[in-house]
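Residue strings, one per chain:
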Amino acid sequence: MNYRHAFHAGNFADVLKHAVLARVLVHLAAKDAPFRVIDTHAGIGLYDLASEEAERTQEWRGGIGRLLDAPLAADAAELLRPFLDVIDDVRAQHGPLAYPGSPEIARRLSRRQDRITLVEKHPRDAEALREAMAGDKRVKVIALDGWTALNAYVPPAEKRGLVLVDPPFEETGELDRLAAAAAKAWTKWSTGTYLLWYPVKDRREVATFHEAVRGGPIRKVLRIEMLVTGGGDPRLFNGSGLLVVNPPWTLERDMAVLLPALSARLRREAGAPFRCDWLSPEA
Ligand code: SAM
């Protein structure tokens, strides 16, 4: 377990993931009934982009740095507003280069009646996460293997909510593992929303992952993917994607506005592709 998200916080992949996460949370919060968020690979919750780790890679400059560089078109700005408001609030509280991880975004975009289960395996990161979430009784931090947690914690008592699965992909075979673990969780809770994050390096590996999901039991999967390069070199971190199982009905429409706006800001090569389409439709 060498991966530390502090080196990567706020990069182009975080921006896409957190923008989508915020849209899903806004949709869940539109109904009074309580929901649960389960984050199986939660990280430390709150990042400092002036930290030694972030300074070393400077990845955030090509992500949240570029996004906040100049005003966005009105329609994209409106859809990003909840996410950008979280960033503003976190910066007002923690300093001008603070950046919220998925737990902090979930915490700030949920209500009194909602609950948040955060799982982080690295003991030091789990401790940092516990400190970042301290005092919020709606949040439970568990130092545990996220794959075990994914199987153990669904369905949540609320029977509404979302599961974010955001592994570090530092071991080979994690795409296969993600497809298999998601299928198993879905058979226990087929009505929850799942956000399955994946990196795009070698597009053939990604295509195999998509086929594995398409060939499994899961239905109603929206694929959201954005590259920042042309994707020609399979050794590079060319982009990232999210498979959203049981997406809010509004998400496809939101992404039609957001993907071109995010791509225009974040791409490094002209013509870097993006897509939002149905990997598998409803049964
Ligand atoms: N979801 C976070 C966010 O958006 O702010 C970022 C998570 S980061 C990509 C992946 C995290 O998973 C790291 O903090 C790492 O320590 C943790 N991790 C690695 N293996 C794990 C496992 N088997 N179970 C749970 N957490 C794990």
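Chemist: Looking at this model, I keep getting lost on the overall build of the chain. Mind explaining?
Modeler: Each helix and strand in the chain was counted, giving 10 helices and 10 strands. With the C-alpha coordinates aligned to their principal axes, the bounding extent of the chain is approximately 45 × 45 × 40 Å. Taken over 283 residues, the chain has a buried fraction of 56%. Considering only intrachain contacts with a sequence separation of at least 6, the fraction spanning at least 24 residues in the chain is 77%. For the chain, the accessible surface area stands at approximately 12,400 Å², while carbon and sulfur atoms represent 52% of it.

Chemist: Help me understand the pattern of salt bridges, please; the structure alone is not making it clear to me.
Modeler: Close approach of charged atoms allows side chains with opposite charge to pair. Evaluation of the coordinates by the stated rule reveals 18 salt bridges. Salt-bridge contacts for Arg275 lead to Glu225; the nearest nitrogen and oxygen are separated by 3.2 Å. Linking Arg275 in strand β10 (residues 274–280) with Glu225 in strand β8 (residues 221–227), this pair joins segments that are 50 residues apart in sequence. On the basis of relative accessibility, which here comes to 6%, the residue Glu225 falls in the buried class. Each of Glu104, Arg107, Arg108, Asp136 and Arg138 takes part in one network of salt bridges that share partners.

Chemist: What should I look at first to understand the environment of Ala152 in this one?
Modeler: Take Ala152: it is sitting in helix α7 (residues 146–153). With a relative accessible area of 51%, Ala152 lands in the exposed category.

Chemist: What is the right way to read α7 from this model?
Modeler: Since the α-helix turns once every 3.6 residues, residues separated by three or four places project in the same direction. Gly146, Trp147, Ala149 and Leu150 are the residues of α7 that are buried. In an axial view of α7, the angular spread of the buried residues amounts to 160°, which keeps them on one side of the axis.

Chemist: How should I be thinking about the layout of surface pockets in this particular structure?
Modeler: Over the atoms rolls a probe the size of a water molecule, and its path tells where empty space is left. Put simply, the largest pocket is a space of about 700 Å³. Forming the walls of the largest pocket are 39 residues, and the residues nearest its centre are Tyr3, Asp166, Pro167, Pro168 and Phe169. Counting residues per element, the ones that place at least two in the lining of the largest pocket are α1 (12–28), α7, α8 (174–188) and β7 (193–200). At four residues, the largest contribution of residues to the lining of the largest pocket is made by α1.

Chemist: Looking at this structure, I do not really get α8. What am I missing?
Modeler: Here α8 spans 21 Å end to end across 15 residues, near enough to the 21 Å set by a 1.5 Å rise per residue. Among the residues of α8, those classed as buried are Glu174, Leu175, Leu178, Ala179, Ala181, Ala182, Ala183, Ala185 and Trp186. Buried residues in α8 make contact with α7, β6 (161–165), β7, α9 (203–215) and β9 (239–245).

Conventions and cut-offs
- Throughout, residues of each chain are indexed from 1 in the direction in which the sequence is written.
- Where totals are concerned, whole chains, interfaces and linings use all residues; where local detail is concerned, this predicted model gives features only for residues with pLDDT of at least 70, and gives and counts side-chain atom pairs only at 80 or more.
- Calculation of side-chain values draws on the structure's entire complement of heavy atoms; hydrogens and water are dropped beforehand.
- A helix here means a DSSP run of H or I that spans at least four residues, while a strand means a run of E at least two residues long, and both kinds are numbered starting from the N terminus.
- Each residue is assigned to one of three classes by its accessible area relative to the maximum for its type, calculated with a 1.4 Å probe on protein chains only: buried under 20%, partly exposed between the two thresholds, exposed over 50%.
- In what follows, residue pairs with any heavy atoms lying within 4.5 Å of each other are defined as contacts.
- Computed with a 1.4 Å probe, the accessible areas rest on the Shrake-Rupley method; for each residue, only the protein chains presented here act as cover.
- Salt-bridge detection follows one rule: a side-chain nitrogen of Lys or Arg within 4 Å of a carboxyl oxygen of Asp or Glu.
- Directions pointing from the helix axis toward each C-beta atom define the arc.
- The rule is simple: put a 1 Å grid over the protein atoms alone, call a set of points where a 1.4 Å probe fits but cannot get out a cavity, call an open set with protein on both sides within 12 Å along at least five of seven lines a pocket, and count a residue as lining if it has an atom within 4 Å of a point.
- Grid points are joined across faces, edges and corners, and a volume is the space filled by probe spheres set on the points.
- Helix span, expected: 1.5 Å multiplied by one less than the number of residues in the helix.

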